[in-house]
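Residues per chain, in single letters:
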Amino acid sequence: MQQLRNPKNVKLVSLFVAAIFVLGCFALSLTQSGFGKTASAASSESAIGVVNYQMLISQSPDLKGVDDAMKTEIENAQKDFDEKSKEMNEAEKRRYYTQIQERLQNKQKELMDPVIKSIEATIKKVADKKGLSVVVEKSTVVYGGVDITDEVAKALQSGK
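Residues numbered from 1 in each chain as written. Predicted model: local features only at pLDDT ≥ 70, side-chain atom pairs only at ≥ 80, totals over all residues. Heavy atoms only, no water.

Here's the deal with the sheet that holds strand S2 (residues 134–137)
Right, so step 1: Sheet architecture is open: three strands sit in the order S2-S1-S3, paired in parallel fashion. With partners counted over all chains shown, the strands left at the sheet margins are S2 and strand S3 (146–147), one partner each.
Right, so step 2: By the bridge criterion, four bridges tie strand S1 (residues 48–51) to S2 in an arrangement that is parallel. Note on S2: the bridge partner recorded for Ile48 is Val134. (Pairing = 2+ DSSP bridges. Helix = DSSP H or I, 4+ residues; strand = E, 2+ residues; numbered from the N terminus.)

Let's talk about the side chain of Thr149
Right, so step 1: Secondary-structure assignment places Thr149 in helix H7 (residues 149–158).
Right, so step 2: Look at Thr149 and you get buried, because its relative accessible area is 3%.
Right, so step 3: Here Thr149 is in contact with Val50, Val51, Asn52, Met55 and Leu56, once residues within four sequence places are set aside. (Buried < 20%, exposed > 50% of the residue type's maximum accessible area, 1.4 Å probe, protein only. Contact = heavy atoms within 4.5 Å.)

Brief notes about the pairing of S1
Right, so step 1: Sheet topology places S1 next to S3; two bridges connect them, and they run parallel. Counted as the bridge partner of Gly49 is Val146 from S3.

Quick look at helix H6 (residues 90–130)
Right, so step 1: For H6, with 41 residues, the first-to-last C-alpha span of 58 Å sits near the 60 Å given by 1.5 Å per residue.
Right, so step 2: Its maximal kink placed at Met112, H6 deviates by approximately 35°, while the proline Pro114 follows within four residues.
Right, so step 3: Residues of H6 that are buried include every one of Tyr96, Ile100, Leu104, Leu111, Met112, Val115, Ile119, Thr122, Ile123, Val126 and Ala127, and no others.
Right, so step 4: In the core, the buried residues of H6 are packed alongside S1, helix H4 (53–58), helix H5 (63–84), S2 and H7. (Expected span 1.5 Å × (residues − 1). Bend = angle between axes of the 7 residues up to and from the residue.)

With respect to the packing of aromatic side chains
Right, so step 1: The full count for this structure, using the stated rule, is two aromatic pairs.
Right, so step 2: A ring pair is formed by Phe81 and Tyr96, whose centres lie 6.0 Å apart and whose planes are at 10°; its orientation type is stacked. Placement of Phe81 in helix H5 and of Tyr96 in helix H6 is noted, with a sequence separation of 15 residues between them. Per residue, the accessibility class of Phe81 equals that of Tyr96, and both read buried.
Right, so step 3: Both rings, one in Phe81 and one in Tyr97, keep their centres 5.9 Å apart while their planes meet at 70°; by these two values the pair is edge-to-face. With Phe81 in helix H5 and Tyr97 in helix H6, this pair connects stretches of sequence that are 16 residues apart.
Right, so step 4: Phe81 gets classed as buried once you look at its relative accessible area, which sits at 17%.
Right, so step 5: Its relative accessible area of 46% is what places Tyr97 among the partly exposed residues.
Right, so step 6: The rings of Phe81, Tyr96 and Tyr97 are connected pair by pair, giving a single aromatic cluster. (Phe/Tyr/Trp six-rings, centres within 6.5 Å; stacked < 30°, edge-to-face > 60°.)

On their own, these measurements won't tell you what the molecule is for.
Below, the structure is given as structure tokens:
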């Protein structure tokens, strides 16, 4: 116990602990950076695909049905607002208009969810078929990646 109170021994133990910590951090950084992997193994693990998501949505065969349903819903909401707002003051009209807007947004989300899920499922199928581990939006990629937009669009059109 007396030896631990010696300032020289405390410095030596502290230095030893710090050295082990630094070496451990260095070893961890080497393993996380993939040091020692071959180039072919690293490239096969990072296969990245890209898609133009907005184009896929706009070309979706299901989008026509969503647009038609939303037009009907908007017309009904407009008629409803015109009828009920006749007797309202401006503050009540604004509040009611906000409620209708929220209802329309919820309806659009409800109608678009199956379309988006279908697109995402098709993207996954094409990516699995091509051996891609990640697929990202094309607009976020500066360089690289395999563009699978056309293949996904064809699969959506054919109903697969």
